[in-house]
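Coordinate inspection notes
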Amino acid sequence: MKIAMTGATGFVGTYLREKFARAGHAVAPISRTDLGDDAEGLREILRDAAAVVNLAGAPIIKKWTRQYKEELYSSRVETTKKVVGAMRSLGERPGALLSASAIGIYASGETRTHTEKDNELASDFLGWLARDWEQAALEAEGLGVRTVVFRFGVVLGKGGGALEAMLPPFKAGLGGTVGDGSQPFSWVHIDDLARAFEAAIQDGSFRGIYNLTAPNPVTNKELTRVLARALGRPALLRVPTLVLKLQYGEGAQALTKGQRVLPERLIEKGFEF
């Protein structure tokens, strides 16, 4: 089948694109140029697509200036609005839209466990960003397009993403916890993520919001211990929260806070991680 994809050159997008290609699907990347003011190019890519995978979004781990927060918002919410708007103008629309979101939509904290049934959402920038991002995607349901929203945990895998950033200091013996390490760390292996996307494309009963996290969330301290053991390196240092705030400003919350999230709906589907 033909699968159109935003964010096709990122860590997750590249992995999905290669996996889909090996399965015999034709992947049509949607570039920034295609998302420009002239929507005809975007409509042409979406035409005859069986599914659209929407992954676009600027990196979260960066200093959040006012300008960069606008980029975070535009690259996710405005991009999604353009994709859904282009679908609206098509006579024959794609069968499904699979759109990324993030577990940052949930309130952070060490004691609360979140599932898709949870209504305790974050009231900070990440929370509102994810709300608007999801709402933009769910507009496709009104067009008769089956819509699935995956709330990503931290995606781990070789060759990119969070693990690539974490490995150098750990290999040098300079790894350690962020703050006291008690913050929850809900993660997902990139291969499980890709299999969930494949299942949602193939199975028409997938619809609505799903947490895309491994069923065994840990803490930052547990992650640090396991990674250090796997690399055979010590991890005795601690990264002070103040240092991260000086480096990333408000954006430090993506590292210093966390949510304990379970993939209840995927488990109910019988999905095996």
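Not measured: the values here are computed from a predicted model.

**Points about the packing of helix α1 (residues 11-22) against helix α6 (residues 190-202)**
Their axes nearest at 10 Å, the elements α1 and α6 cross at an angle of 60°. In this view, α1 runs oblique relative to α6, as classed from their interaxial angle. Helix-helix and strand crossings are classified by hand; for α1 and α6 the assignment is right-handed. Contacts from Phe 11, Val 12, Tyr 15, Leu 16, Lys 19 and Phe 20 in α1 reach Ile 190, Asp 191, Leu 193, Ala 194, Arg 195, Phe 197, Glu 198 and Ile 201 in α6. Of the residues belonging to the contact of α1 with α6, the class tally is 10 nonpolar, no polar and 4 charged.

**Topic: the pattern of salt bridges**
Taken as a whole and judged by the stated rule, the model has 12 salt bridges. The salt bridge partner of Asp 191 is Lys 19, with a shortest N-O separation of 3.4 Å. Taken together, the positions of Asp 191 in helix α6 and Lys 19 in helix α1 put the pair 172 residues apart, joining distant regions of the chain. Given a relative accessible area of 15%, Lys 19 falls into the buried group. Between Glu 120 and Arg 112 there is a salt bridge, and its shortest N-O distance comes to 2.3 Å. Of the residues examined, Arg 112 reaches a relative accessible area of 39% and is grouped as partly exposed. One salt-bridge network, held together by shared partners, links Glu 40, Arg 43, Glu 44 and Arg 47.

**Things to note about the sheet that holds strand β1 (residues 2-6)**
An order of β2-β1-β3-β4-β6-β11 is seen for the 6 strands of this open sheet, with the pairing classed as parallel. One side of each edge strand has no neighbouring strand; the edge strands of this open sheet are β2 (26-30) and β11 (208-212). Each adjacent strand pair in this sheet contributes to an overall mean axis angle of 20°, direction not counted. In the sheet, strand β6 (residues 146-152) pairs with β11 via 5 bridges, with the strands oriented parallel. Across the sheet, the residue bridging to Val 148 is Gly 208, located in β11. Docked against the sheet, helix α3 (residues 66-88) engages β1, β3 (51-54) and β4 (96-102), running at close to 165° with respect to β3. Helix-sheet contacts for α6 involve β1, β3, β4, β6 and β11, and the interaxial angle to β6 is about 165°.

Parameters and conventions
- Residues numbered from 1 in each chain as written.
- Predicted model: local features only at pLDDT ≥ 70, side-chain atom pairs only at ≥ 80, totals over all residues.
- Heavy atoms only, no water.
- Axes fitted to C-alpha atoms, helices over the stretch in contact; angles between N-to-C directions.
- Helix = DSSP H or I, 4+ residues; strand = E, 2+ residues; numbered from the N terminus.
- Parallel < 35°, antiparallel > 145°, perpendicular 65-115°, else oblique.
- Left-handed = near helix turned anticlockwise from the far one by under 90°.
- Contact = heavy atoms within 4.5 Å.
- Nonpolar A, V, L, I, M, F, W, Y, C, P; charged D, E, K, R; others polar.
- Salt bridge = Lys/Arg side-chain N within 4 Å of Asp/Glu carboxyl O.
- Buried < 20%, exposed > 50% of the residue type's maximum accessible area, 1.4 Å probe, protein only.
- Pairing = 2+ DSSP bridges.

It is worth stressing that arrangement in space is one thing and function is another; only the former is reported here.
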